[in-house]
Structures are given as structure tokens and as C-alpha cells.
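Notes for the structure review
Residue-level listing of the chains:
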Amino acid sequence: MNASTHAALEQEIAQLIIDTLNLEDLQAADIPPQQPLFGEGLGLDSVDALELALALQKRYDIRIASDDRDARRHFATVASLAAFVASQQAACAH
Amino acid sequence: MSEAQLATPRHWSAQRERGNLLLMRFTAFAARHCGRRLLSPLLHLIVLYFFLTGRRARRSISDYLQHLAAWSGRTELRPTPRRVFAQFMAFAECLLDRLDVWRGALRFEQVRVLDPDGLRAQLLASRHGGRGQLLVGTHLGNLDVCRALAELGEQVPLNVLVHTHHVAHLNRLLGEAGEQRMRLIQVSELDAALMLDLSQRLERGEWLAMAGDRVPLHEGRRATVDFLGRPAPFAQGPWLLAGLLGCPVNLMCCLKIAGQYEIRLERFLDAPAWARGQRDATIAQWAQRYADRLAEWCLLAPQQWFNFYPYWDAADA
């Protein structure tokens, strides 16, 4: 995946976060890819993460194995989510 | 008993888990090898033993009857030793009925279904491409009888969410008992992998069932509601799940009324959702509505409250 499609995916995911969690006062550009989504950063909590996971499943058909210890890490930032989605899409393509 | 033990009533899951597993093993064994007539005196003896030795359980039932009588204004429900004992005996009856359910001796035709919202039709419809729904049960009455639901749902898979760690074992027992459609899933904490799994099950037309009247192991995720006029901690889990999955939520209970089991099914929430920032308030509201409904059901069958552990806030006692 080249740099511009990756940036587009990040923006798409930022928008998905806003739409899913009704963060109406924000725009995609307000969530920098490296900003932590939880705690200090955007201030999301663990239930928001679940809502987000469901939205990502609907949109990108992502899968998370129950023994995936990295699940939490995938949700850390917009950038990590984009990388996760991209890796799943790449896995499907093969 | 030490002061610390008195101050923190043991959690029901610590108390019940081992007992439940043994009970299920026993039930599965007994179901295969003996009949109700043989087991009835034995079970009544066991229950009598628990009544005599279980001070905490006696006390808990007494509290329940006290609150129920005060809240409803029905003084005839006030606890007396005889009434508390009757509650234990009703539990023995319930265990024997469970055994019949396991043996397949309690046929679906013997159970009355009160289904004003037509949920049975929806259950059947999910076999043909519909989305699944959530069923929230209670430990008032006999949940096992609702297994008959699996029969009426024919091929609709029912996933029962439980706190117990013995899921693999219990699933094997269910399999041995010839139960194909019911599956237990352990939920101690909601995580993303589990959420995705549950969501996919709903999309495939499977249904999810869980109890609404047991508080979770962890301190968090509970809402304090008014139940029979007193503050009691209720689980947030079912309502959290409902809001996240956005599927219809139904209540289910099975009471024995005048010797006959009646399964009550009713719609509770059509499309659960919360507004941003209103999540906790919304969940608390749903938990309160559930507690209110449960209280009404308690009055239909006061003796069938089978939560034999301190149910209300200790601070309120």
C-alpha cells in the first residue's frame, strides 16, 4: 500500500470513529494519526473501543482472534488501526 | 466467622460455581440412571441439610421476603421460619423439575407459553435469514425449563452467556445429553474479540441468552437500582451488550403457577442505543426497568426466588 492510500485509510478511520461515537464537534483532521485514542488523548474508554470494533467489523470485515494479545495495541491510535485494517486486507488478498 | 468475612459477603459465583458443577454432574448422572420417585426423598433431605446448616442462605431468603412484603404491602408474605423453609422446598421441587427437563420428561406441550409480543414467531423467523436477538432471563423460577425453547425454536442456535469458568466441561455435558443447539459462552469481561464474535452470531440468526439478575464478579459494571424498595446492585452487562449490539432485547422467565410451568416472553427494548455521554444514565434506566419488572414477577411466584445469597446492598442492611 502506498503512502497516499494509507493516509486516505487513516482519514477514513478517523471519520468512522467520529461517526460511530457521535463525536459531532470533531472533524477527521482533529484526530492526528499518532494521537492516543484512549485515556489522555481523545479520551475514549473501553466501551467506546467495543463500539469501534463493531463498526470496523461492519465496514472492513476485520477479525480479531480471541487469543490475540495485541488487540488492545491495534486500537491505540488511528495509525495503528489503519495498519491493522491494512494488514487484514492484505491477508485476505492472498 | 471473622469480621472481615462478615463485612464482605462472599460473592455468589464463589459460592455457587462448584455447587452448580457438582449439581449438573449429579443431575446428568441421575437423569440417566434414576427416576424422580427415587430421587425426590434424597433431594429433599439434601435441601433440608442446606436449610439447617445454611444460616446465610436462610437469612438471605428472610431478607427477600421481608422486602417483598414491605414493598407490596402484602403482610402475608412476611418471613416466618415456615415460609423460609417453604422457599428451600420450592427449590428442591425446582431441582427435580430440572431433572425432568434433562431427561426430556417435561415435554414442551406441558409448558404454557405467554408470548404477547409474538417472539416465538421471531425466533423461528431467524432460521430463515433474520437477525438474532437477546434474551434476558432470571433466577426467579426455573430457567432450565426455557431449554424447551430450544425445542420450539427448532434449529435456532441459542448461545448462553455465563460467568462460570467450567464452560468447556458444561458444553461437553450438554453434548452428552444430546443438546445440539445450546452452547455456553464464558463472559467474564467483554473484549473486542468476544464482541465481534457475538455480533457475527446475531447476524447468522443465532440468539444470545443471559441472566439479568446476577451481579458480575468485578466491582465495576454494576448499577445500583431500587429493587423491592431497597437499593440493590444489578449487572450492567446485559444492557451494555444490548446497546453495543443494537439488537432487540426480550425478557424471559419461567414460573410454576398452580403446578404448571409458564414461560413468559416479552419485548423489553426494540432498538437499544444511547446518546453520546448518556451511556451510564441510559444503562441505569434499563437496569431499573428490569428490576421493576422482576419485582412484579416476584409477586406472581414469591416462593420461586432462588438467589440464596445476600442480594441487597450490605450497607443498607
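Located above this text is the structure these notes cover.
Everything in this summary refers to the structure shown in the same document. What you are looking at is a predicted structure, and each value in this text was computed from that prediction instead of being measured.

Rules used in this analysis
- Residues numbered from 1 in each chain as written.
- Chains lettered and ligands numbered in written order.
- Predicted model: local features only at pLDDT ≥ 70, side-chain atom pairs only at ≥ 80, totals over all residues.
- Helix = DSSP H or I, 4+ residues; strand = E, 2+ residues; numbered from the N terminus.
- Rg over C-alpha atoms; globule rule 2.2 N^0.38 Å.
- Buried ≥ 20, exposed ≤ 12 C-beta atoms within 10 Å, placed from the backbone.
- Pairing = 2+ DSSP bridges.
- Axes fitted to C-alpha atoms, helices over the stretch in contact; angles between N-to-C directions.
- Contact = placed C-beta atoms within 7 Å.
- Nonpolar A, V, L, I, M, F, W, Y, C, P; charged D, E, K, R; others polar.
- Parallel < 35°, antiparallel > 145°, perpendicular 65-115°, else oblique.

From N to C terminus, chain A includes four helices and zero strands. At 13 Å, chain A has a C-alpha radius of gyration in line with the 12 Å of a compact globule built from 94 residues. For chain A, buried positions account for 29% of its 94 residues.

All names here are of chain B. Overall, mixed pairing links the seven strands, which are arranged E1-E9-E8-E2-E5-E3-E4 in an open sheet. Single-partner strands in this sheet number two, and they are strand E1 (112-114) and strand E4 (182-186). Taken over all neighbouring pairs, the strand axes of this sheet differ in orientation by 25° on average, direction set aside. As paired elements, strand E2 (residues 134-137) and strand E8 (residues 249-257) share three bridges and run parallel to each other.

With 15 residues of chain A at the interface, the matching set in chain B holds 12 residues. A per-element tally of the side of chain A that touches chain B places helix H2 (residues 46-60) of chain A first, with seven residues. Along the lines of polarity and charge, the residues of the side of chain A that touches chain B split into nine nonpolar, three polar and three charged.

The next thing to look at is the packing of helix H4 (residues 55-72) of chain B against helix H5 (residues 81-103) of chain B. Residues and elements named next belong to chain B. Where H4 meets H5, the axes come as close as 10 Å, and the angle between the chain directions of the two elements is 110°. On the basis of their axis angle, the class for H4 and H5 is roughly perpendicular. Note on element contacts: H5 touches H4 through Arg-83, Val-84 and Gln-87, opposite Arg-58, Ile-61, Ser-62 and Leu-65.

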